[in-house]
Amino acid sequence: MVSYFNPEIETMDREDIDALVEERIRYTIKYAYENVPFYTKWFQKNKIKPSDIRSHEDLRELPIINGGTVRENQPPETESFEFKATSWEDIFTIHETSGTSGRPKSFFLTWDDWQRYAEKYARAFVSQGFDSRDRVVICASYGMNIGANTMTLAAHKIGMTIIPEGKCTFPVRIIENYKPTSIVASIFKLLRLARRMEDHGLNPKESSIERLVVGGESFAPEAREYLEEIWDVDIFNTYGSTEGTMCGECVEKAGLHVPEDLVHLDVYDPHLEDFVDDGECGRIVLTTLLPVGKKTGILLLNYDTEDTTVVLSRDECKCGRTHMRIMSPEREAETVWVSGHPFNRVDVEAAVFQRENMEYLTGEYEAFLYGDEDEGSVTMQVSLECKELKKCDKELIKENFLRKFFKEKKELYHTYLDGTFEILFKFKSPGALEFYKIKGRPKRIVDRR
């Protein structure tokens, strides 16, 4: 039986969704002009009336901003927070997110913002089969990032029980004693947890876990397939950010549903300097959508997330939900270019997680790029962690990696053949990869050119 958290909204006809979105665009623009200093000044400077912005197409005419814009409009660059969208009395929490530059961006959330954020996650959880009987371990930070707290609030709305571990290094007894039905974590955290469970004599396939949710980073389909095999459960993808996205796969796994009534998502190609059609790849550009009469702590119009995706469909999903679906986003910061051709960390990951390879590999890897195209060749060194170094079939792994990588990146194959792009492999024993020596989230692909 199909369940919905908010059936009236989630199954709304396309015509009604579009009408609701345009109503909220008009209110959001008016709110931005009246309450957000950055937009008040922008509209006045450009002599644009907020009442002229009435539709999806009109919204596209406004400037595209990014994390740099937010940082440039807050202390110490400015006297006040130019994107703060309500009075201090209405602010419930303050958050910082560094993005790629390391300089924090400030975000402000009202209690109503938290409720809307939680609703987005609650919809995703229910679409993945969660209900009040579930007990969920959250392996995400309960700090300045909002993900863990948002999921916890969403669980409250559904009636689920949360085990707020924060990290995935919790004792195996948590699974044995409390018998959680799910865990929210990254692919690699779940792989490591499975290995720890096996070391303690607990087979992940025979545990209480009924489904897993992966969030926090993009991943290769091959990595998901391997993890599903290890745990013998379905794995669902989610995508979220402090800026207000929060999209989730349903049980059909046919793309991530976008809560269109609460966040307007568009796709933009910075090279073309234009928005692209459904089915074409580009950066996610989002706009906060406010229900009429509501307030918000921070309001972003046409915010470039620097994550890339494709709009897969606006038709009704087999699950009955009618909101648009997107391809799993990838971080543009994890895309590198060789001889004018791009590839992403996910492309490398897909080549690592070839099924034959996983008889020998743990799945942990890192890749480094060296060289100078103008003076010679570019080299990618791929370091792979073996379960047992002496038993690792290195030639088989190399062959499988190269076959998969160049199958997806045919343009690069010619640069490989003519020697301007080399791929070298290093095989490491457990714990010997470079990222183990560095605190924080591992960087899987590092450009050292």
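In this text the structure is predicted, and so the values were computed from the model without any measurement.

Digging into the state of the cysteines
Tallied over the entire structure, the rule returns 1 disulfide. Sulfur-sulfur distance for the disulfide between Cys-386 and Cys-392 comes to 2.5 Å. Negative torsions about the S-S bond denote left-handed disulfides, and the value of about -85 degrees found for Cys-386 with Cys-392 makes this one left-handed. On the basis of relative accessible area, Cys-392 is assigned to the buried category, the value being 9%. Distance from the sulfur of Cys-250, which forms no disulfide, to the nearest cysteine sulfur (Cys-319) is 3.7 Å.

Quick look at the environment of Thr-322
Inspection of the secondary structure assignment puts Thr-322 in the loop between β14 (311-313) and β15 (325-326). Residues Thr-322 and Ile-162, 160 residues apart in the sequence, show an inter-C-alpha distance of 29 Å. With residues near it in sequence (within four places) discarded, Thr-322 still touches Glu-10, Thr-11, Met-12, Arg-14, Ile-17, Glu-260, Arg-314, Asp-315 and Glu-316.

Topic: the packing of helix α11 (residues 345-352) against helix α12 (residues 394-408)
It is the contact of α11 with α12, at a shortest axis distance of 8 Å, that shows an interaxial angle of 140 degrees. Relative to α12, α11 is oriented oblique. The hand of the α11/α12 crossing is right-handed. Contacts from Asp-347, Val-348, Ala-350, Ala-351 and Val-352 in α11 reach Phe-401, Lys-404 and Phe-405 in α12.

As for the nonpolar core
Ile-183, Trp-231, Phe-343, Met-380, Phe-401 and Phe-405 are the most contacted members of the largest nonpolar core, which has 61 residues in total. The residues contacting Phe-401, other than those within four sequence positions of it, are Val-348, Ala-351, Val-352, Asn-357, Met-380, Val-382, Ile-423 and Phe-425. Grouped together as the second largest cluster of nonpolar side chains are 43 residues, Ile-17, Phe-107, Val-263 and Val-276 included.

Some details on the pattern of salt bridges
Opposite charge on two side chains makes pairing possible when the charged atoms of those side chains draw close. A full pass over the atoms with the stated rule returns 36 salt bridges. The partner of Lys-253 in a salt bridge is Glu-228, with the nearest N and O atoms 2.6 Å apart. You can see Lys-253 sitting in the loop between β8 (246-249) and β9 (256-257) and its partner Glu-228 sitting in helix α10 (residues 221-231), a full 25 residues away along the chain. Classification of Lys-253 by relative accessible area gives partly exposed; the value is 28%.

Let's talk about the sheet that holds strand β11 (residues 274-275)
Across the sheet, which stays open at both edges, the 5 strands sit in the order β11-β10-β12-β13-β16 with antiparallel pairing between neighbours. Each end of this open sheet is capped by a strand with a single partner; those strands are β11 and β16 (330-331).

The rules behind each value
- Residues numbered from 1 in each chain as written.
- Predicted model: local features only at pLDDT ≥ 70, side-chain atom pairs only at ≥ 80, totals over all residues.
- Heavy atoms only, no water.
- Disulfide = S-S within 2.5 Å.
- Buried < 20%, exposed > 50% of the residue type's maximum accessible area, 1.4 Å probe, protein only.
- Helix = DSSP H or I, 4+ residues; strand = E, 2+ residues; numbered from the N terminus.
- Contact = heavy atoms within 4.5 Å.
- Axes fitted to C-alpha atoms, helices over the stretch in contact; angles between N-to-C directions.
- Parallel < 35°, antiparallel > 145°, perpendicular 65-115°, else oblique.
- Left-handed = near helix turned anticlockwise from the far one by under 90°.
- Core = buried A, V, L, I, M, F, W, Y, C linked by side-chain atoms within 4.5 Å.
- Salt bridge = Lys/Arg side-chain N within 4 Å of Asp/Glu carboxyl O.
- Pairing = 2+ DSSP bridges.

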